[in-house]
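Breakdown of the fold
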Protein chains: 2
Amino acid sequence: MIKKGLLYAQSGGPTSVINSSACGVIRQAQQEGLDVYVALNGIDGIFNETIVDISKEDDEQITKLCGTPASAFGSCRTKLPDYKVDDSKYFELLKVFKKLNIRYFIYNGGNDSMNTCAKVAEFMKNNDYECYVMGVPKTIDNDLLLTDHCPGFGSAAKYIATTCYEIALDTAVYAKGRVTVVEVMGRDAGWLTASSALANENGAGPDLIYLPERAFDLDKFIERCKEVYEKKKTCLVAVSEGIRDKDGVYIAEYAKSSEKDAFNNVQLGGVGTYLADVITKRTGIKTRAIELSLMQRCAAHLCSKTDVEEAFEAGRYAVKSAVAGESGKMISFKRVSSAPYKIEYVCAPLDDIAKFTQSVPDEFIGVDGASVTNAFIEYAKPLIQGEVSLEYKNGMPVYAKLKKELVKF
Amino acid sequence: MIKKGLLYAQSGGPTSVINSSACGVIRQAQQEGLDVYVALNGIDGIFNETIVDISKEDDEQITKLCGTPASAFGSCRTKLPDYKVDDSKYFELLKVFKKLNIRYFIYNGGNDSMNTCAKVAEFMKNNDYECYVMGVPKTIDNDLLLTDHCPGFGSAAKYIATTCYEIALDTAVYAKGRVTVVEVMGRDAGWLTASSALANENGAGPDLIYLPERAFDLDKFIERCKEVYEKKKTCLVAVSEGIRDKDGVYIAEYAKSSEKDAFNNVQLGGVGTYLADVITKRTGIKTRAIELSLMQRCAAHLCSKTDVEEAFEAGRYAVKSAVAGESGKMISFKRVSSAPYKIEYVCAPLDDIAKFTQSVPDEFIGVDGASVTNAFIEYAKPLIQGEVSLEYKNGMPVYAKLKKELVKF
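Residues numbered from 1 in each chain as written. Chains lettered and ligands numbered in written order. Predicted model: local features only at pLDDT ≥ 70, side-chain atom pairs only at ≥ 80, totals over all residues. Heavy atoms only, no water.

Looking at the side chain of Thr15 of chain B
Residue and element names in this part refer to chain B. Worth spelling out the cut-off: A run of H or I in DSSP counts as a helix once it spans at least four residues, and a run of E counts as a strand once it spans at least two, with each numbered from the N terminus. A 3.5 Å cut-off defines polar contacts: any pair of N or O atoms within that distance qualifies, except that in protein one atom must be a possible hydrogen donor and the other a possible acceptor, and neighbouring residues in sequence count only when both atoms are side-chain atoms. The contact criterion used is simple: two residues touch if any of their non-hydrogen atoms lie within 4.5 Å.
Position of Thr15 among the secondary structure elements: in the loop between β1 (5-10) and α1 (18-31). Looking at Thr15, its side chain comes within polar contact range of the main-chain nitrogen of Val17, at 3.0 Å. Of the polar contacts made by the side chain of Thr15, one reaches the backbone nitrogen of Ile18; its length is 3.0 Å. Setting aside residues no more than four positions away along its own chain, Thr15 makes contact with Pro69, Ala70, Lys138, Thr139, Ile140, Gly152 and Arg297.

Some points on the domain arrangement of chain A
Residues and elements named next belong to chain A. Stated precisely, the cut-off is as follows: Either an automatic procedure or a domain database provided the assignment from which the domain bounds are taken. Buried area is a sum: the accessible area each of two parts loses on coming together, probed at 1.4 Å, counted once for each and added. Salt bridges, as used here, are contacts in which a Lys or Arg side-chain nitrogen is within 4 Å of a carboxyl oxygen on Asp or Glu.
When its domains are assigned, chain A resolves into domain 1 (5-139 + 301-354 + 386-397) and domain 2 (153-299). With centres defined by C-alpha atoms, the gap from domain 1 to domain 2 works out at 34 Å. At the junction of the two partners, domain 1 supplies 14 residues and domain 2 supplies nine residues. Here domain 1 meets domain 2 over a buried area of about 980 Å², counting both sides, of which 50% is carbon and sulfur. Where domain 1 packs against domain 2, one counts one salt bridge. A salt bridge links Lys158 to Glu387, with the nearest nitrogen and oxygen atoms 2.7 Å apart. Counting across the domain 1 and domain 2 interface gives seven residue pairs in polar contact (both at pLDDT 80 or more).

A word on helix α6 (residues 153-170) of chain B
Owing to its 3.6 residues per turn, the α-helix aligns residues three or four sequence positions apart on the same side. We apply this condition: Every helix has an expected span of 1.5 Å times one less than the residues it contains. The buried label goes to any residue with under 20% of its type's maximum accessible area, the exposed label to any with over 50%, and the partly exposed label to all in between, with areas taken from a 1.4 Å probe on protein chains only.
Its 18 residues give α6 of chain B an end-to-end C-alpha distance of 25 Å, which sits within 8% of 26 Å, the value for a rise of 1.5 Å per residue. Counting buried positions along α6 of chain B gives 17 out of 18 residues, so the element sits mostly inside the fold.

Here we look at the interface of chain B and chain A
The cut-off we apply is this: In the scheme used here, Gly and all other residues not listed as nonpolar or charged are polar, with Ala, Val, Leu, Ile, Met, Phe, Trp, Tyr, Cys and Pro taken as nonpolar and Asp, Glu, Lys and Arg as charged.
Taken residue by residue, the interface counts 67 residues in chain B and 67 residues in chain A. Between chain B and chain A the total buried area reaches about 5400 Å² when both faces are included, carbon and sulfur atoms providing 61% of it. When the buried surface of chain B facing chain A is broken down by residue, Glu166, Tyr174 and Met396 of chain B rank first, second and third, together holding 12% of it. Counting across the interface, chain B meets chain A through two salt bridges. For the salt bridge of Arg297 of chain A with Asp170 of chain B, the shortest nitrogen-to-oxygen distance reads 2.8 Å. Counting the contacts that link chain B with chain A gives 33 residue pairs in polar contact (both at pLDDT 80 or more). Broken down by secondary-structure element, the contributors of at least two residues to the side of chain B that touches chain A are α6, α9 (251-263), α10 (271-283), β9 (287-291), α11 (295-298), β12 (392-393) and β13 (396-397) of chain B. Among the elements that line the side of chain B that touches chain A, the one with the most residues is α6 of chain B, at 10 residues. Residue composition of the side of chain B that touches chain A, by class: 33 nonpolar, 19 polar and 15 charged.

Describing the environment of Thr50 of chain A
Of note, Thr50 of chain A is situated in the loop between α2 (44-47) and β3 (51-53). Setting aside residues up to four positions removed in sequence, Thr50 of chain A forms contacts with Val38, Ala39, Leu40, Gly45 and Leu406 of chain A.

Given below as structure tokens:
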């Protein structure tokens with residue numbers, strides 16, 4: 001009897017722990033006695049027939065995937081059409097699945113990837129090809145529905161909190177300081193920006209925190225910065241890249257539109273740079289803008305151990321569930337308690353997940369609209385606990401190096 | 001007999017290890033049986049009589065200064081006038097020194113601080129007040145003369161190399177990527193930008209590296225980026241904030257001047273943002289600019305153990321040397337060998353140090369003007385070795401917290 005195959009792929013923006021999920025998937029699949037394949041660059045790797053045979057990899061490097069940042073197998077942003085409208089791509093998938101006897105397909109990504117999962121699961125079922133399809137969530141943004149939190153968020157939150165702590169110490173050294181505006185990722189939801197507040201747990205962090213869940217008022221913002229600065233002679237602000245005014249216009253667009261005439265629509269700098277500039281113009285206070293940029297999603301040297309372990313387990317549970325006959329579902333985290341912290345891994349229906357984003361709820365946002373509540377801290381604190389001990393060589397962390405030997409078709 | 005006092009202060013921009021030097025100074029001074037005082041906000045703390053009595057601090061927190069970022073005792077950018085022109089400030093110093101019987105003064109900073117040291121040493125000598133003045137160097141820029149390298153550089157280099165490694169992994173995940181321009185500190189010297197090349201030791205790092213030591217040619221730069229991108233479909237560039245064209249004009253000024261008309265002289269974004277914008281305009285390739293900003297000087301969670309230990313020892317040697325009768329000198333590092341790495345701590349004359357900056361020498365820069373040589377890697381690699389094991393609480397590193405109880409005058 002020909003062995004059953006499991007195919008895994010990574011999609012969407014990388015995180016510090018998506019490879020930990022890859023490791024979980026591979027380890028569990030090996031335990032289940034499956035042939036394990038990974039498509040390069042997400043679902044595109046299936047169409048391109050660039051599929052890695054995991055049995056050819058060094059076992060040590062597979063273990064090292066835990067804690068290795070970025071998407072070790074490449075990523076894509078490809079969206080599949082509705083197969084009822086155009087099923088040609090789906091038949092391409094099916095052809096490859098049949099060639100390798102793929103009976104389990106695990107897709108690891110965010111909203112769009114979960115949507116892909118749902119469509120593939122449905123197509124395979126309707127075409128009588130036995131294949132169990134499971135989604136493993138991944139997003140630093142933490143904005144997926146139906147899960148307590150997402151793998152990737154904890155490590156990003158740990159990086160943001162630690163960095164804000166270090167920046168708060170650095171910016172407080174002069175008798176006369178500045179207003180420092182730290183721009184954090186999260187276009188639609190403020191989870192990452194909110195996590196900067198964890199820095200205050202250690203005694204230094206942002207004085208003001210602005211999430212996209214609250215309409216941003218430029219005048220009030222400047223007033224608050226001025227107040228803090230006059231009192232402390234320094235002021236640290238964390239703003240989400242996605243803050244909008246009461247009419248829903250992105251503040252980042254303000255900057256864009258000021259530059260339109262001079263620069264042919266090209267945007268220089270983001271919302272942090274724009275706000276720092278406005279503060280200086282209106283108050284004369286010196287400012288600095290800092291964008292945490294890609295570091296917040298790839299600084300794996302500062303991973304949350306909790307996040308790494310949960311990402312690994314999410315991968316394992318996806319395989320276990322698929323083997324047990326689940327399909328068209330996503331592994332999600334159900335919080336049992338915060339103190340002591342305990343979660344359960346469950347299967348959530350995929351259909352609903354892709355449609356909306358999970359915003360930061362009202363009870364997590366301070367009444368002044370520029371802070372978070374203790375309830376948020378209680379929610380987020382367990383997710384950044386623990387440090388991963390990495391191997392260092394040449395003074396730098398050593399991350400997984402794969403051979404990526406392709407299956408010959 | 002009244003005990004002799006030692007006064008220490010921190011000046012200039014903070015680093016990840018200036019507090020390690022503080023710890024070294026304090027520990028050696030305690031061993032020598034001296035009363036230990038620290039002025040808050042550098043030399044300003046002497047004028048303001050805001051001076052901390054170290055005997056009142058928890059010993060555990062003093063130990064924790066090793067590896068704590070920023071200037072724990074505050075900083076300043078105050079420059080003293082020539083005392084032959086105006087000695088009023090110097091007599092203020094003398095008054096405080098006499099009150100506390102300060103016979104040793106240790107000043108920790110960069111170029112300007114070493115200049116302050118030299119002036120104070122000379123004034124005290126000429127006014128027959130027995131006081132031994134020593135400088136402890138500190139600058140992430142690594143641009144001080146008469147020392148193999150500066151405390152602070154190794155940790156910044158380790159952060160830059162590790163971050164460039166992680167960014168290189170993150171930006172290589174899509175089949176069609178971007179040109180990513182990472183802007184690194186160092187206005188006059190390219191040491192920090194050069195250290196990004198250490199990332200390539202682990203297999204992924206910048207493809208192109210531009211230092212202020214070489215005239216920057218915008219057309220050639222774009223050509224090189226295009227070449228790399230066409231081959232790899234991704235391209236990582238590290239540029240120094242201080243790159244200049246053949247006429248000595250800062251490339252950052254190009255951005256400024258384009259914005260002058262529209263923005264009333266205000267600059268949005270730095271040289272990285274400007275270059276990313278120009279690449280997109282001229283080639284159509286997608287780009288991203290990343291500024292390592294304050295993180296490169298305050299990310300103490302990623303300190304180089306070598307740097308922390310050397311900074312500590314520099315502090316200790318400054319006190320030892322002062323007690324042995326040295327004055328008007330700076331502790332400097334003399335490299336004995338690179339493999340195995342070994343340095344000696346010596347005293348260098350202060351007068352010459354403040355006048356010039358130490359550029360990256362020709363033998364460290366690649367002939368293409370967009371890379372570094374193996375000689376640079378051999379020089380820099382020992383400086384980023386070793387990791388500091390920090391205490392973590394609430395998922396974040398715990399840094400020193402001081403009481404800063406002031407001496408009552």
